[in-house]
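Listed below are the residues making up each chain.
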Amino acid sequence: MRQSANGDSQAAPSTGPEGFLRFIDVKKSYDRKTLVVKGFDLDVAKGEFITLLGPSGSGKTTVLMLLAGFESVTGGDILIGGAPITRTAPNKRNIGIVFQNYALFPHMTVAENLAYPLKARKVARSTIKARVAEYLSLVELGDFGTRHPSQLSGGQRQRVALARALIFEPSLVLMDEPLGALDKKLREQMQFEITRLHQQLGFTVIYVTHDQTEALTMSDRIAVFNDGVVQQCATPDELYERPGNAFVADFIGENNMVPGKVVAVENGAVRVSISGEQHVVTQVADTKDIGSNCIVSVRPEKIFLDANEAHDNEIWARFMVRHYVGDFIRYYFELHDGTELTVKALNDITAPKFQKGERARLMWQRDDCFAFHTQQ
Ligand code: ADP
Ligand code: MG
């Protein structure tokens, strides 16, 4: 499986040839010169919730467009149920779509909007009526059928769009930043709604977002994109706990990224010198070339300031600033060479206080840090 930029073996477990949806070496160029999707491979099991996560311009929407059939592939194949769909017309793919800018019909009522995909599929009138009522109540808009979209709030409109994408009971639903226009509270509510409907109805979802919290909370698996290449495809906790390379470590959650040099590889660990003087041991990730530059990543919540137990790594740093956040406290330290390190500690009685410039001991376990190739 070509899942990773650096050829490591962190790829997600394949669902095998019986996978419901498969992308095989899919490539896309809009200008016949540059590839914006560079050999995308992914096996999706029926009923899975897969998220494509990555910065703006990394190729996520393009992958959805190829799957929906609004753009054609430059190379490779897309299979649903084992059959290639690359030559199937968009309206024959039977895919539900919710895009941020995929507006409702403004001149139709909510009920008419929902009936539209059923009418287009020549469903019997009596069935349509019942189905519209069913889906209105499913998205908790039972009393809103006679309203027009302009008479709804943003969140309600998005729920109508969701119901309209699901009402013809497609087995595959594509969502491209469907909650991007909503404020935080509504977005979280809708995330919950979408996962609830996904669990209740059992359709397969390919979801696109650049919001990592959204991806982590909603998905079975996440494919992290950068520059048209999947960096890693894994479950949310695997991505967080075992990032495959420096890009993923930096993109998912918060990480200290400390420049260093590989000194030795011993007992399944990498020994790295950081700040020119101190040594730390890390898990083996994607680099173990002795003498090469690397990045040591360790999460702020994995560093301890007050040790009641032994830690594999102990380094000294100068205390700079302490930010009171409420439920936790954030400390900023500086290494000898000026590299900054952030530490998050729970706001309880053990949270220490330092004088500015004071030397402090920072400790963490080998299993909580990784040495990665420096990104070009
Ligand atoms: P994302 O959804 O991750 O932000 P896109 O798939 O929209 O990324 O875009 C990937 C790259 O392809 C970008 O460089 C973008 O400018 C380019 N691109 C997207 N759509 C088109 C198009 N219709 N014509 C030409 N270039 C496009
Ligand atoms: Mg996009």
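Look a little higher up for the structure.
**Student:** When you look at the packing of aromatic side chains in this model, what are you seeing that I'm missing?
**Tutor:** Two measures describe an aromatic ring pair: the distance that separates the ring centres and the angle between the ring planes. Scanning the entire structure with this criterion turns up 12 aromatic pairs. Measuring from centroid to centroid gives 6.0 Å for Y331 and F354, while their planes differ by 80 degrees, and the two rings are edge-to-face. Of the two residues, Y331 is situated in strand β16 (residues 328–334) and F354 in the loop between β17 (340–346) and β18 (359–364); the sequence distance between them amounts to 23 residues. Among the residues examined, Y331 registers a relative accessible area of 0% and is labelled buried. Under the relative-accessibility criterion, F354 is labelled buried at 17%. Of note, K46 hangs over the ring of F20, and the distance from its end group to the ring centre comes to 4.1 Å. R299 extends its terminal NZ or CZ atom over the ring of Y240, reaching a point 3.6 Å from the ring centre.

**Student:** Would you mind showing me how to read the nonpolar core here?
**Tutor:** Looking at soluble globular proteins, one finds that nonpolar side chains tend to be buried together. Within the largest apolar cluster, 35 residues are counted, with the highest numbers of intra-cluster contacts made by L114, L162, M175, I194 and Y207. Among the elements that make up this core, the one with the highest residue count is helix α4 (residues 154–166) (six residues). Here I194 is in contact with F49, L162, M175, L179, Y207 and M218, once residues within four sequence places are set aside. Residues L52, I80, L172 and A223 belong to the second largest nonpolar core, which totals 29 residues.

**Student:** What's the story with the pairing of strand β8 (residues 204–209) in this structure? I'm lost.
**Tutor:** Taken residue by residue, a regular strand's side chains alternate between the two faces of the sheet. Taking burial as the measure, the six residues of β8 include six buried ones, the bulk of the element. The alternating pattern of β8 places T204, I206 and V208 and V205, Y207 and T209 on opposite faces, both of which are buried. Direction of pairing for strand β3 (residues 49–53) relative to β8: parallel, over a ladder of five bridges. When the sheet's bridge partners are listed, I50 is paired in β8 with I206. Relative to β8, strand β7 (residues 172–176) runs parallel, the two sharing five bridges. For V173, the partnering residue across the bridge sits in β8 and is V205. Taken together, β7, helix α5 (residues 184–201) and β8 constitute a β-α-β crossover, and its handedness is right-handed.

**Student:** When you look at the packing of helix α2 (residues 110–120) against α4 in this model, what are you seeing that I'm missing?
**Tutor:** Two elements in contact, α2 and α4, have axes separated by 8 Å at closest approach and are oriented at 25 degrees. By the criterion of interaxial angle, the relationship of α2 to α4 is roughly parallel. Crossing of α2 against α4: the hand is right-handed. Side by side, α2 and α4 meet where V110, N113, L114 and P117 of the first sit next to V160, A163 and R164 of the second.

Conventions and cut-offs
Residues numbered from 1 in each chain as written. Chains lettered and ligands numbered in written order. Predicted model: local features only at pLDDT ≥ 70, side-chain atom pairs only at ≥ 80, totals over all residues. Heavy atoms only, no water. Phe/Tyr/Trp six-rings, centres within 6.5 Å; stacked < 30°, edge-to-face > 60°. Helix = DSSP H or I, 4+ residues; strand = E, 2+ residues; numbered from the N terminus. Buried < 20%, exposed > 50% of the residue type's maximum accessible area, 1.4 Å probe, protein only. Lys NZ or Arg CZ within 6 Å of the ring centre and 35° of its normal. Core = buried A, V, L, I, M, F, W, Y, C linked by side-chain atoms within 4.5 Å. Contact = heavy atoms within 4.5 Å. Pairing = 2+ DSSP bridges. Right-handed = clockwise from strand over helix to strand, strands pointing away. Axes fitted to C-alpha atoms, helices over the stretch in contact; angles between N-to-C directions. Parallel < 35°, antiparallel > 145°, perpendicular 65-115°, else oblique. Left-handed = near helix turned anticlockwise from the far one by under 90°.

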